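Coordinate analysis (summary)
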Amino acid sequence: YKSVGFGRISPKQVANLFHKIDEKDDELLAKPSFSRTSPFNIDGVDGLLTNIAKCCHPLPGDKLKGYISVGKGLIVHRADCQNLIELAKANEDRIIDVNWAEGKNVKLPFKITTVTLDKPGILSDITTILKDMAINIIELSAKPQKDGNARQTFTVELSGKSQLDKILQRLQSL
């Protein structure tokens, strides 16, 4: 069943196991209608519906595993994700190896939250650091806290863990 789900075996090949198909019958067999570029390599299969786990937010360079979900395609987790480890206990047959596709320049969304002293210009200071590092900000929210601090949450596009480490190092200087 995994081979059909991953597209290694087509519906036509399955049907051929049961009876000989005429050329006319080829039109009746559904062909995958989606085409999605994925930053992942799953046993050499292309076009598989993949989603990135929101619990662990894997970044290029992280070791990966995939969970075959019902109706949502393959959910890609970091291999050390605690949610994946729990899922694997009950559904070991739904866990597969996933690798980063080679040669693809991948940028993935990642949420960063900072808590700083609430002072004029702090948001500008943070966005300047990100701009100077050529980091694209997809989403931003900032809220003052009752204790005199401010919480800023950014969703940025990152190309890997080393880039995240550099950002965090620069933000700690504020």
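From a predicted model like this one, the values you see are computed outputs, not experimental measurements.

1. Description of unusual backbone geometry
Of note in the backbone geometry, His 57 takes a positive phi value of approximately 45 degrees without being a glycine. Topologically, His 57 is positioned in the loop between β2 (50-52) and β3 (64-68). One non-glycine residue, Ala 134, adopts positive backbone phi at about 60 degrees. Relative to the helices and strands, Ala 134 is located in the loop between α4 (122-132) and β7 (137-144).

2. As for the pattern of salt bridges
Applying the stated criterion across every chain yields a total of five salt bridges. Here Arg 78 ties to Asp 80 by a salt bridge, and the two come within 3.0 Å at their closest N and O atoms. For Arg 78, a relative accessible area of 28% puts it in the partly exposed group. One salt bridge in this structure joins Asp 132 and Lys 131, with 3.2 Å as the shortest N-O distance. By relative accessible area, Lys 131 is classed as exposed at 58%.

3. Some points on the sheet that holds strand β8 (residues 149-158)
The strand order across the open sheet formed by three strands is β6-β8-β7, and the pairing between neighbours is antiparallel. Both outer strands of the open sheet, β6 (108-117) and β7, are each paired with one neighbouring strand and no more. The sheet shows a mean angle of 15 degrees between the axes of neighbouring strands, direction not considered. The sheet contact formed by β6 and β8 spans 10 bridges and is antiparallel. Across the sheet, the residue bridging to Pro 109 is Glu 157, located in β8. Helix-sheet contacts for α4 involve β6, β7 and β8, and the interaxial angle to β8 is about 20 degrees. Helix α5 (residues 161-172) contacts β6 and β8 of the sheet and is inclined by roughly 15 degrees relative to β6.

Cut-offs applied
- Each chain carries its own residue numbering, running from 1 in the written order of its sequence.
- Totals for whole chains, interfaces and linings use all residues, but because this is a predicted model, local features are given only for residues with pLDDT of at least 70 and pairs of side-chain atoms are given and counted only at 80 or more.
- For side-chain calculations, the full set of non-hydrogen atoms in the structure is used, while hydrogens and water are omitted.
- By definition, any uninterrupted DSSP run of H or I lasting at least four residues is a helix, any uninterrupted run of E lasting at least two residues is a strand, and each is numbered from the N terminus.
- A carboxyl oxygen of Asp or Glu within 4 Å of a side-chain nitrogen of Lys or Arg is what we treat as a salt bridge.
- Summary of the burial criterion: residues with accessible area below 20% of their type's maximum are buried, those above 50% are exposed, and those between are partly exposed, where the area comes from a 1.4 Å probe applied to protein chains only.
- In this scheme, strands are said to pair when DSSP sees at least two bridges between them.
- Throughout, an axis means a line fitted to C-alpha atoms (over the contacting stretch in the case of helices), and angles, computed between N-to-C directions, take values from 0 to 180 degrees.
- Here, residues are in contact when the closest pair of their heavy atoms is within 4.5 Å.

Remember, this is a structural readout, not a statement about activity or role.
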